[in-house]
Amino acid sequence: MTTTEETPRLPFARANALAIAPDYEALRRQAPISRVLSPAGDPAWLVTSYEEAKEIFRDKRFGRSHPAPEQASRISHAAVQDGPSGDFDTEEQEHKRMRRMLAPAFSAPRMRALGDRIAELTDRCLDDLQAAHDAHPGEPVDLTDFLAFPLPVLVICELLGVPYADREKFRGLSERIARMDGGEDAQAAMTEFKAYMTELADEKRADPQPDVISDMVAVQADDPTFTDDDLARMGAGLLFAGHETTSTRIAMGTLFLLSDTARRDRFAADPHGEVNRTVEEILRLTATSGTGLLRYAHEDVEVAGTRIMRGDAVLISSDAANRDATVFTDPDEFDPARTPNVHLAFGTGAHVCIGANLARTELRTVFPKLFGRFPGLRLAAGIDEIPVRVNRVAGGVDAVPVTW
Amino acid sequence: MKITADTGSCVASGQCVLLAPGTFDQDEDAGTVVLLADEPADGEEDAVRQAELTCPAAAIRLSGA
Ligand code: SF4
C-alpha cells in the first residue's frame, strides 16, 4: 500500500514554458499508468504512456460522467474538468447528439470557407501589432495582447455568433471558470457565463443567424430533452475552449519558433512549405493543462496490467504521451521533419476535439503570416523569464514579449 | 493502395480531409467522411497513410501496397 506522502500530487512543476515536468517521464519509466493525487487532493490514475493513452481515449468503457457523482474524485476547484459531467445513463446518446449538432459547423468544408476570413482577421491583428510597436519604438510588444488572444476570439465569435464587443466580459469569465483554485468564485463565474449564453440564445431564437448558437437553438426547437441549461453549458464550453486553447497554441508556437534563431530562420525562409508539419510539432510539444484529460471508468477495466475500478478517475496526459520515447525519437526535440507525427494533442476516439480543424486552420494561417511579415521577430525576454500559468486548466503563458 | 472508409464509425473529425483533401471530403450535413476515390489522389499517398494513422475513429483502412 502506498502512503499519501509517497503519492505524487498534480500539477507537477516544470522548468519553463517549453518543457514538461520531468516527473512524467520518471513515472512512465515505472509504469504506463500511475497512482497520483489530483490538484484537489483526491486519488486518480495518471496515464503517461502513448499506447495506453490512445487505448483509453478509444475505449467506450470510459466517460465523463460518473455512476455516483457525489462519490467521484474531484480534480480541482475550477468549474471545468473539475469532476464528473453529464448523466451516467444517457452520456453516450447526448454526446452523439452534440457531435451531430456541431459537426457541420466545424467540418473541413466549412473551415475551407472560413479560411479567407481567418487570413483577413490575422492581417488586421498584425496591423495592430505593428501599430503598437510604432507607438513605442524600441519597447517590447506583448504578442498575446495583439495576436494570440484577439485572433481566436474574433474567429470563435464569428463562428458561434457572439458579439466581439463582449470579449472582455467572457475573457474574464473564462479565466475565472478555469482557475484550479477558483472554488466558489469559479462556480459563480460559470453561473454568470451560462446566463450570458442564455441571453444570447434568446436573441438568436428571435432572430436566427448563420452561426452555431442559432444552429443549437434550432435543434432545441425539435428536441425538448435538450434543455436551456444544456444549451447554455455547451455554448459556454465552446466559447471557452474555442479561444483559450488556440490562444495558448499561438503563444507557445511563437515561443518554440523564437527560442532558437536557426529554427526561426528555417521557418521564415519557407513558411508555406514548412507550416503544416511545424504546426503538428507545435501541437505535439505544447504542454497545456497540468492535469490531462479527465475520464471515469464506467466498469472495472484492466489496462496494461493495471486494474481500474468502476468509478475511478483517470487523467490522460497528452502532454506526457506526446513525449513518449517509444513512439517519438528524441521526444523533447522540436523536429518538424518527424513523420508520421501522430500526436494526441486533440485526444482521439469518439471524444476527439471537435475544434481540431478550426485550430489547425487558424495555426496554419497565423504562423506564415506572422513570420512573412516579421521575419526578424525575436523574444524580448529569456525563455526562463516567461511565467507559466500553473493554475489554469488550459495552461499557457501570460505574456510573449517580442520585438523586431 | 485501396482505401475504405467506414462512415458508421466515423466521428466527423475531418482530420482526413485536412490531410488529404484530394482523396477525402466530408458530408456537409452529417460531417462524415466521403471517399472521393478508392485510391489516393496524385501525390497524396503519404498523406493518406498519415490519415489512416491519425483517424481518431480508426475508420480509414488501407490495403495493398
Ligand atoms: S479522420 Fe476518421 S473520424 Fe475524422 S472524418 Fe475522417 S474518417 Fe471520419
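Whatever comes next refers back to the structure up there.
Remember, it's a predicted structure, so these values are computed and weren't measured experimentally.

Peer 1: Where do I start with the sheet that holds strand 5 (residues 293-297) of chain A in this structure?
Peer 2: Strand pairing in a sheet relies on backbone hydrogen bonds, with the paired strands running either antiparallel or parallel. In space, the 5 strands of this open sheet follow the order 1-2-8-5-3 (chain A), with mixed pairing throughout. Because the sheet does not close on itself, it has two edges, and the strands there are strand 1 (33-37) and strand 3 (62-63) of chain A.

Peer 1: Could you clarify how one ought to interpret the site of the ligand in this entry?
Peer 2: Around the ligand, a shell composed of C10, V11, A12, S13, G14, Q15, C16, V33, C55, P56, A59 and I60 of chain B is seen. For the shell around the ligand, a count of residues per class yields 9 nonpolar, 3 polar and no charged.

Peer 1: Sorry if this is basic, but what is going on with the packing of helix 3 (residues 91-106) of chain A against helix 4 (residues 108-135) of chain A here?
Peer 2: The description of two helices packed together rests on the angle between their axes and the distance between the axes. As a packed pair, helix 3 of chain A and helix 4 of chain A sit with axes 5 Å apart at the nearest point and diverge in direction by 35°. Of helix 4 of chain A, the residues touching helix 3 of chain A (which contributes P104, A105 and F106 of chain A) are A108, R110 and M111 of chain A.

Peer 1: I tried to follow unusual backbone geometry on my own but got confused; where do I start?
Peer 2: For the bond from L10 of chain A to P11 of chain A, the omega torsion is -5°, close enough to zero to count as cis. Mapped onto the elements, P11 of chain A comes out in the segment before helix 1 (22-30). Residue P340 of chain A is reached from T339 of chain A by a cis peptide bond, and omega for that bond is -5°. You can see P340 of chain A is positioned in the loop between helix 13 (318-321) and helix 14 (356-373). Residues other than glycine seldom take positive phi values, yet D330 of chain A does so here, at roughly 40°. Within the element layout of this structure, D330 of chain A appears in the loop between helix 13 and helix 14. Although it is not a glycine, A58 of chain B adopts a positive phi angle of roughly 50°.

Peer 1: Would you mind showing me how to read the sheet that holds strand 9 (residues 378-379) of chain A here?
Peer 2: Residues and elements named next belong to chain A. Within the open sheet, the 3 strands sit side by side as 4-10-9. Their pairing is antiparallel. At either end of the open sheet lies a strand with only one pairing partner, and these are strand 4 (141-142) and strand 9. When strand 4 meets strand 10 (residues 401-403), the two strands line up antiparallel, connected through 2 bridges. Counterpart to V141 in the pairing with strand 10 is V402.

Peer 1: Help me out: how do you make sense of the pattern of salt bridges in this one?
Peer 2: Where charged atoms from two side chains of opposite charge come close, those side chains can pair. Tallied over the full model, the rule gives 30 salt bridges over all chains. R112 of chain A is the partner of D25 of chain B in a salt bridge, and the nearest nitrogen-oxygen pair spans 3.4 Å. In this pair, D25 of chain B is assigned in strand 2 (residues 24-26) and R112 of chain A in helix 4, connecting two distinct chains. Judged by relative accessible area, which is 21%, D25 of chain B ranks as partly exposed. Assessed through its relative accessible area of 46%, R112 of chain A is described here as partly exposed. A salt bridge links E158 of chain A to R117 of chain A, with the nearest nitrogen and oxygen atoms 2.6 Å apart. With E158 of chain A in helix 6 (residues 150-160) and R117 of chain A in helix 4, this residue pair connects regions lying 41 residues apart in the sequence.

Here is what the cut-offs are and how they apply
Residues numbered from 1 in each chain as written. Chains lettered and ligands numbered in written order. Predicted model: local features only at pLDDT ≥ 70, side-chain atom pairs only at ≥ 80, totals over all residues. Heavy atoms only, no water. Pairing = 2+ DSSP bridges. Helix = DSSP H or I, 4+ residues; strand = E, 2+ residues; numbered from the N terminus. Near = heavy atom within 4 Å. Nonpolar A, V, L, I, M, F, W, Y, C, P; charged D, E, K, R; others polar. Axes fitted to C-alpha atoms, helices over the stretch in contact; angles between N-to-C directions. Contact = heavy atoms within 4.5 Å. Salt bridge = Lys/Arg side-chain N within 4 Å of Asp/Glu carboxyl O. Buried < 20%, exposed > 50% of the residue type's maximum accessible area, 1.4 Å probe, protein only.

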